[in-house]
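A closer look at the structure
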Amino acid sequence: MIFVDALLLIALTIGAIAWWVRPLPGRTAILAAVAAITFTLGVYGALNDRWQASLSAAFGFFLFLPLIISVFQRKAAPKNPPYASGPAFTVLALVAGGLLHFFPITNLPEPSGPNTVGIRTFELTDDTRKGVLGVGENAPRRLLVRVWYPAEKPEDARPAYYFNDLEAKSTARGFGDVIGFGPLATFFKHAKTNAYPDAALVSDMKVLPTIFFSHGAIGHLAQNTVLMEELASHGYAVYSIQHTGDSAPTAFPNGDVIPSDPALKIEMETSNEVLGKYDDAKAKALGSDDLDERFAGQLDWMSRRQTDGEKMTYSEPIWVEDRLFVHNALQSGNAPNHVMDVVARSNFESTGQMGMSFGGAVTGPLCIIDERCAAGVNLDGAVFSPSTFAQEIKQPFMMFYSDHDIMYKLLLEKEYYTEDLSDNHWLYEFHYEGFKTAGLRQDIHRIEMSQVTHTGLTDYPLFMRPPLQGPVLGSAPTDVIMGAQNAFILGFFNTYLRGIESGFPDTQLKAYSDYIERRDASHIREWWLSKPEEERALVKEKIEEVKR
């Protein structure tokens, strides 16, 4: 399809120029050829999930019409430039070509590790949980799992595409439906990954360091494939779980498809946070310059999330149960035969835990209750559970966040925003550390990346070019967006899961100094220690009340 895109761009350019140059020798034949190419390839692309090619087909169709009319009229071709029709054809060619250019089909960048990457997908079913997230009351909890792992490079094999045909029609289209345009991500299916399906497991690693990953709400298990491949190329087994119902539609290996929970779409269409509407208390919780006011607002916000029955607050323990179930099942050897060799060599006793967006939000609560979590990463996830509030997480932990300035400018009313707000404000500054020791631990990392949005911390920047990319995904270069995530998360797990000294995080901070800033929560410790003992006791009581 990349070759088809190139042919279409060339044909559109030639067609637009030839339409203007009437004295051009063989002009009619050239225009006829262009019309045939753009119409045929445009229709082919549109039928093959390259929706951006549909305007190329329209260009070819409208180019045919005057050519056919001129044949029947048998009039001499006018010599003057086509001032009436020329601009129309030019604009159509530019828009048609622009769709192909600004939404490119891009093969995924090669990972930096020494190992070839293998990939396998399978299903695990929890018969003890039924009727979860929009399925029938007697239907068991079915989960799709994909593992990336270091592999022997197969001969004469081709790497997997980003989506297979069923996933393009279900997962990708369902994701697009939620945000209002079904075909939006279906063209990802034409992008080649670097992972080989069912490739033989590498022979020289007896135990594989193991990481679990959860996507974001409405997401899917492949949304951070570039990161998964990077980790696997450095020797990790990475298990990604699709949380059926709260994800895009889930396509299982046997062909079954479970749609998204209808309540999820309702939440996306009506949630004040999704719509960017914040009441006074929530705005102060995020943007007040007074730390006491921010603390009270965030505590109140979290309490109301619990009592109001917010959809994702309800979903959080379900996702934690999903992660525990998959972990327990694999550790006990309860997996399909075609993945048992990878499972048998995976280290499930001491694991990395990670997630993006809502998947990141559940990682902290998971690490608090599961001692098998040796290190955790929250990739731009919010906080829904009060369990991490003023809670010293035992494990090394990293929060890797998108640009807070972008978030504040988009979501806060002007009276709650100042230009230097992100210098001393953290969305989740009260979480993951105890107030008395906040900012002191060297293994708690708070990283902020500038010029990237929340959605940009996925594979999606590969499939959109500037200037369209900026407002949606961020204005940082795509290789920087992808490279920084890879470098920091690989460096973090190498350090805390494998004990490999790599100069983390200084090496990574130096490499991406123009886009990365390190934060800490020292201001929370100073705020806490400045309070009299009676006031601290009152704060503790309020926190415990919300947790109860």
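As a starting point, this report considers the structure included with it. Since the model is a prediction, treat every value here as computed from it, not as a measurement. (Residues numbered from 1 in each chain as written. Predicted model: local features only at pLDDT ≥ 70, side-chain atom pairs only at ≥ 80, totals over all residues. Heavy atoms only, no water.)

Some details on the overall build of the chain
In terms of regular secondary structure, the chain is built from 20 helices and 12 strands. Taking 548 residues into account, the globule formula puts the C-alpha radius of gyration at 24 Å, and the chain, at 26 Å, falls close to it. Within the span of the chain, comprising 548 residues, buried residues form 56% of the whole. A separation of at least 24 residues holds for 75% of the contacts in the chain among residues at least 6 apart in sequence. Carbon together with sulfur atoms contributes 56% to the accessible area of the chain, which is approximately 23,300 Å² in total. (Helix = DSSP H or I, 4+ residues; strand = E, 2+ residues; numbered from the N terminus. Rg over C-alpha atoms; globule rule 2.2 N^0.38 Å. Buried < 20%, exposed > 50% of the residue type's maximum accessible area, 1.4 Å probe, protein only. Contact = heavy atoms within 4.5 Å. Areas by Shrake-Rupley, 256 points an atom, 1.4 Å probe, with all protein chains shown as cover.)

Section: a nonpolar patch on the surface
On the surface, a nonpolar cluster with roughly 470 Å² of combined accessible area is contributed by Ile17, Trp20, Val21, Leu24 and Tyr83. Summarising the element assignment, Val21 is placed in the loop between α1 (2-20) and α2 (27-47). (Patch = residues over 30% accessible without salt bridge, like charges linked within 9 Å, V, L, I, M, F, W, Y side chains within 5 Å. Salt bridge = Lys/Arg side-chain N within 4 Å of Asp/Glu carboxyl O.)

A closer look at the pairing of strand β9 (residues 373-379)
Of all seven residues in β9, seven are buried; the element is thus mostly enclosed. Sheet topology note: the strand β8 (residues 351-356)/β9 ladder contains six bridges and is parallel. Pairing of Gly352 across the sheet is with Ala375, part of β9. (Pairing = 2+ DSSP bridges.)

What to know about helix α10 (residues 311-331)
Taking 1.5 Å as the rise per residue, α10 with 21 residues should run 30 Å; its terminal C-alpha atoms sit 31 Å apart, in good agreement. At the exit of α10 stands Gly333, carrying a positive phi of roughly 80°. (Expected span 1.5 Å × (residues − 1).)

Focus: the pattern of salt bridges
Evaluated as defined, the whole model comprises 23 salt bridges. For Arg146, the salt bridge is made with Glu167, and the minimal N-O distance between the two is 2.9 Å. Separated by 21 residues along the polypeptide, Arg146 in strand β2 (residues 140-151) and Glu167 in helix α5 (residues 165-178) bring together distant segments of the chain. For the pair shown, Arg146 and Glu167 are each scored as buried. In this structure, Arg519 and Glu517 form a salt bridge, with 3.4 Å as the shortest nitrogen-oxygen distance. Accessibility expressed as a relative area gives 11% for Arg519, which makes it buried.

A few points about the packing of aromatic side chains
Counted under the stated rule, the structure contains 41 aromatic pairs. In this structure, Arg142 packs its charged tip against the face of Phe252, placed 4.3 Å from the ring centre. (Phe/Tyr/Trp six-rings, centres within 6.5 Å; stacked < 30°, edge-to-face > 60°. Lys NZ or Arg CZ within 6 Å of the ring centre and 35° of its normal.)

Re unusual backbone geometry
A cis amide bond, omega 0°, links Pro466 with the succeeding residue Pro467. For Pro467, the location among the structural elements is in the loop between β11 (444-449) and α16 (469-473). Geometrically, the link from Phe504 to Pro505 is a cis peptide bond, its omega value of 0° lying close to zero. Along the polypeptide, Pro505 turns up in the loop between α17 (478-496) and α18 (506-511). Located in the positive-phi region is Asp49, a residue other than glycine, with phi close to 65°.

Some details on the state of the cysteines
Within the structure shown, the criterion is met by one disulfide. For Cys367, the disulfide goes to Cys373, at an S-S distance of 2.2 Å. Residues Cys367 and Cys373 are joined by a disulfide whose S-S torsion is about 65°; by sign, that bridge is right-handed. This pair shows no difference in class: Cys367 is buried, exactly as Cys373 is. (Disulfide = S-S within 2.5 Å.)

Examining the side chain of Gln508
The topology assignment puts Gln508 in helix α18. Among all residues touching Gln508, those that are not within four sequence positions of it are Ala487, Phe488, Gly491, Ser502 and Gly503.

A short note on the sheet that holds β2
In space, the 10 strands of this open sheet follow the order β3-β1-β2-β5-β4-β8-β9-β10-β11-β12, with mixed pairing throughout. This sheet does not close on itself; its edge strands, each paired only once, are β3 (195-197) and β12 (516-519). Neighbour-to-neighbour, the strand axes of this sheet turn through a mean angle of 25°, independent of strand direction. Sheet analysis places β11 next to β12, joined by four bridges and oriented antiparallel. (Axes fitted to C-alpha atoms, helices over the stretch in contact; angles between N-to-C directions.)

Focus on the environment of Thr244
Within the secondary structure layout, Thr244 lies in the loop between β5 (237-242) and β6 (250-251). Thr244 sits 297 residues away from Glu541 along the chain, and the two C-alpha atoms are 37 Å apart. At 2.5 Å, the side chain of Thr244 forms a polar contact with the backbone oxygen of Arg142. (Polar contact = N/O pair within 3.5 Å; in protein donor to acceptor, adjacent residues only side chain to side chain.)

Remarks on the side chain of Gln353
Structurally, Gln353 can be placed in strand β8. Among the polar contacts listed, one links the side chain of Gln353 to the side chain of Arg323, at a separation of 2.9 Å.

A closer look at the environment of Thr116
Assignment of secondary structure puts Thr116 in strand β1 (residues 116-130). Distance from Thr116 to Gly235, taken between C-alpha atoms, is 9.3 Å for residues 119 residues apart in sequence. In contact with Thr116, other than residues within four places in its own chain, are Tyr149, Pro150, Ala151, Glu152, Lys153, Pro154 and Tyr196.

Read these as spatial facts, not as claims about activity.
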